[in-house]
Amino acid sequence: MRSTGLIEAPLATVGAALRHTRTAETGLAALGIRGRSLTSPDSLLVPGDELAFRLSAFTLTTRIVRADADGLSSVLVAGPLAQLRHETVLAQVGPRTLLTDSVRWTSPFGPLGRLGDVAVGRRLVLDVLAARIHAVRELAESWAARTIVVGTAIVHEGRLLAQQRSYPASHAGQWELPGGRVEPGEDESEAVVRECREELDVEVRPTGRLGTDVPLDNGMLLRIHTAELKDPAQQPAAVEHREVRWVSAAELPSLDWLETDRVLLHTLRELLEDSRLQGRSTTAE
Ligand SMILES: Nc1nc2c([nH]c(=O)n2[C@H]2C[C@H](O)[C@@H](COP(=O)(O)OP(=O)(O)OP(=O)(O)O)O2)c(=O)[nH]1
């Protein structure tokens, strides 16, 4: 079963709204369905996170299997169905984002269950998808005008450049990506280049976008770009930070990342794995 909706926000922002636990927890309340994230509340879902949905006596538990820039997928873990797979795919259409939901499920009751699917299940699924798109739209459109903080993923020889904050005291010692606020009159790529020059004393070439946005507590939106060193032999320096380090995929989870960046780790790991598979880095040859 399919359902679509057009949202007035960039793809990365819609991706963040789709991943936000608030969408699952409150989005279906009008239908009498109580959603609950079984992992950290009020944050972005990552693969492996589980959600429980209660409707009268039934509880259905699903697990996120994919949460990246162009969509979210989940599968059934437990509940009154034999199988369930829900896939949401996002596509940028000019300044808007097209969201396409597809849900496939198998009833455990054979032909009788299939009759029930037609009579009750399909109507309910359509209502659920409409309510969810409404919740995603509200959240994404409310974030769309936020100030953007760019984070930069620079990969060289299968390692990602991370930097360790030296201030404020509450975040000193924690790791983040190079970057910062986009200044008035600047576009995001220009901010990437300027921030890398200021923070690392290197020249970079922006190469694209990565993952979903991450809403920050300070009212801004973190958006990740990829970039390559113009001169791969040039060593980035810790100009304002305590330390900069090239980190492998295996080392990623062991660093004490800012809480906001933790929800990006699976995306950063994939970026590193892809760069290794392709046998090349995102640095210039
Ligand atoms: N650069 C960067 N900032 C991040 C990341 N994750 C994250 O939550 N942030 C937050 C920290 C800051 O509140 C904000 C960055 O904005 P900023 O660069 O203007 O602020 P700042 O506190 O680092 O520096 P400043 O204003 O003193 O120059 O985004 C990240 O990976 N990279």
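Residues numbered from 1 in each chain as written. Predicted model: local features only at pLDDT ≥ 70, side-chain atom pairs only at ≥ 80, totals over all residues.

Identification of the protein chain as 8-oxo-dGTP diphosphatase from Saccharopolyspora terrae is taken from an unreviewed UniProt entry. What UniProt records for the protein chain under Cofactor (unreviewed entry) is the sentence "Mg(2+)". What UniProt records for the protein chain under Catalytic activity (unreviewed entry) is the sentence "8-oxo-dGTP + H2O = 8-oxo-dGMP + diphosphate + H(+)". (UniProt positions renumbered as here; feature names shortened; annotations may be inferred.)

Let us look at the pairing of strand 2 (residues 34-37). On strand 2, burial follows the alternation: Gly35 and Ser37 on one face are buried, whereas Arg34 and Arg36 on the facing-out side are not. As paired elements, strand 2 and strand 3 (residues 50-55) share four bridges and run antiparallel to each other. Residue Arg36 lies in a different strand from strand 3, and its bridge partner there is Ala52. (Buried ≥ 20, exposed ≤ 12 C-beta atoms within 10 Å, placed from the backbone. Helix = DSSP H or I, 4+ residues; strand = E, 2+ residues; numbered from the N terminus. Pairing = 2+ DSSP bridges.)

Next up on the list: the UniProt feature "domain: Nudix hydrolase" (unreviewed entry) in the protein chain. Residues annotated by UniProt as "domain: Nudix hydrolase" (unreviewed entry) correspond here to residues 145-272. End C-alpha atoms of residues 145-272 are separated by 31 Å, and the span's content is 20% helix alongside 36% strand.

Moving on: the sheet that holds strand 4 (residues 58-68). Each strand in a sheet pairs with another by means of backbone hydrogen bonds, the pair being arranged parallel or else antiparallel. Strand order in the open sheet formed by seven strands is 1-7-6-5-4-3-2, and the pairing between neighbours is antiparallel. A single partner strand is all that each edge strand has here, and the edge strands are strand 1 (2-7) and strand 2. Put simply, the sheet's adjacent strands are angled 20° from each other on average, direction ignored. Contacting strand 1, strand 4, strand 5 (71-78), strand 6 (83-93) and strand 7 (96-106), helix 1 (residues 11-19) crosses the sheet at an angle of about 155° to strand 6. (Axes fitted to C-alpha atoms, helices over the stretch in contact; angles between N-to-C directions. Contact = placed C-beta atoms within 7 Å.)

To continue, consider the nonpolar core. In terms of nonpolar packing, the biggest core is built from 55 residues, with Val14, Ala17, Val136, Ala140, Ala153 and Val204 touching the most fellow members. The biggest single contributor to this core is helix 3 (residues 110-143), with eight residues. Structurally, this core is a two-domain feature, drawing no fewer than three residues from each of domain 1 (2-143) and domain 2 (148-277). Setting aside its immediate chain neighbours within four residues, Val14 contacts Ile7, Ala9, Leu90, Thr97, Leu99, Val136 and Ala140. (Core = buried A, V, L, I, M, F, W, Y, C linked by C-beta atoms within 7 Å. Domains from an automatic or database assignment.)

By the secondary structure assignment, Gly208 is in strand 12 (residues 204-215). The spacing of Gly208 and Val192 is 16 residues in sequence and 11 Å in space, taken between C-alpha atoms. Once you skip the residues sitting within four places of it in the chain, Gly208 turns out to touch His225 and Thr226.

Examined against the element boundaries, Leu252 turns out to sit in the loop between strand 14 (243-247) and helix 5 (259-262). As a C-alpha pair, Leu252 and Pro95 span 157 residues in sequence and 33 Å in three-dimensional space. In this structure Leu252 touches Val247, Leu265, Leu268 and Arg269, once residues within four positions along its chain are discounted.

As a structural note, the neighbourhood of the ligand is formed by 13 residues, with Glu176, Gly179, Gly180, Arg181 and Thr260 the closest of them. Of all the elements in the fold, those that place two or more residues in the shell around the ligand are strand 8 (148-156), strand 11 (179-181) and helix 5. The leading source of residues in the shell around the ligand is strand 11, at three residues. Residue classes in the shell around the ligand are distributed as five nonpolar, five polar and three charged. (Near = placed C-beta within 6 Å. Nonpolar A, V, L, I, M, F, W, Y, C, P; charged D, E, K, R; others polar.)

Position of Asp274 relative to the elements: it lies in helix 6 (residues 265-277). Placed 116 residues apart in sequence, Asp274 and Gly158 show a C-alpha to C-alpha distance of 8.8 Å.

To continue, consider helix 1. In terms of residue burial, helix 1 counts as a mostly covered element, since nine of its nine residues are buried. Within helix 1, the full set of buried residues consists of Leu11, Ala12, Thr13, Val14, Gly15, Ala16, Ala17, Leu18 and Arg19.

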